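Listed here are the chains, written in short residue letters.
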Amino acid sequence: MKNLSTWLLVSFMGAFWIFRIVIALLYKLAIEFPIVPFNIDMEIILLFVTLLCMLLIIKRKILGALIYLLAYGMYFGVNLASNISLILGSNENLSLNIYTSAFVSLIGIAIPIAILFDLLLDRNRKNNPKDKKTDWFYKNEKFDRKMDDRADKNNYRTL
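Below is a short write-up of the structure. (Residues numbered from 1 in each chain as written. Predicted model: local features only at pLDDT ≥ 70, side-chain atom pairs only at ≥ 80, totals over all residues. Heavy atoms only, no water.)

## What to know about the overall build of the chain
So, step 1. The number of helices and strands found in the chain is 6 helices and 0 strands.
So, step 2. Helices and strands in the chain line up, N terminus first, as α-α-α-α-α-α.
So, step 3. Taking all 159 residues of the chain together, the buried fraction comes to 31%.
So, step 4. Long-range pairs, those at least 24 residues apart, make up 68% of the contacts in the chain with a sequence separation of at least 6.
So, step 5. Working note: accessible area of the chain is about 11500 Å², and carbon and sulfur atoms make up 66% of it. (Helix = DSSP H or I, 4+ residues; strand = E, 2+ residues; numbered from the N terminus. Buried < 20%, exposed > 50% of the residue type's maximum accessible area, 1.4 Å probe, protein only. Contact = heavy atoms within 4.5 Å. Areas by Shrake-Rupley, 256 points an atom, 1.4 Å probe, with all protein chains shown as cover.)

## Digging into the packing of helix H1 (residues 4-28) against helix H2 (residues 40-58)
So, step 1. Where H1 contacts H2, the two axes come as close as 10 Å, and the packing angle between them is 160°. What the angle tells us is that H1 and H2 run roughly antiparallel. Pair H1 / H2 crosses with left-handed handedness. Contact residues: H1 offers Val10, Met13, Gly14, Trp17, Arg20, Ile21, Ala24, Tyr27 and Lys28, while H2 offers Ile40, Glu43, Leu47, Thr50, Leu51, Cys53, Met54, Ile57 and Ile58.
So, step 2. Grouping the amino acids of the contact of H1 with H2 by side-chain chemistry returns 13 nonpolar, 2 polar and 3 charged. (Axes fitted to C-alpha atoms, helices over the stretch in contact; angles between N-to-C directions. Parallel < 35°, antiparallel > 145°, perpendicular 65-115°, else oblique. Left-handed = near helix turned anticlockwise from the far one by under 90°. Nonpolar A, V, L, I, M, F, W, Y, C, P; charged D, E, K, R; others polar.)

Here is the structure:
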């Protein structure tokens, strides 16, 4: 992980993971908070899946990003769609829980999409890393030809 965008996305992923742990703990301890898990059993399973996906994303595996997007898309996507339709279709005042739930679901969908795009746009970096310190020598055919031409002209006679 040499790219700053990958580091930032993984740190956002970790921060959101810790946030979801806090939400699950507050729900289990029966402490009132504006954000509640949609399904506490699925939330706990999703926390462990996220930890596995985080390790795969750090190793630059696209499979980790796909699993992360699929799991979070199925969990947060349904809630996001229902909350948006409720917000747009209702003329009465809605509670704060619906708005915060929709915002958290939006973040839960945006992070996996951004991680998948980051890995897809830069998938050749692991296969062909660039090192400016050595590439000028090893990947410079013009330099090799120049050295070969010079070496051929040095035919000294020995006496």
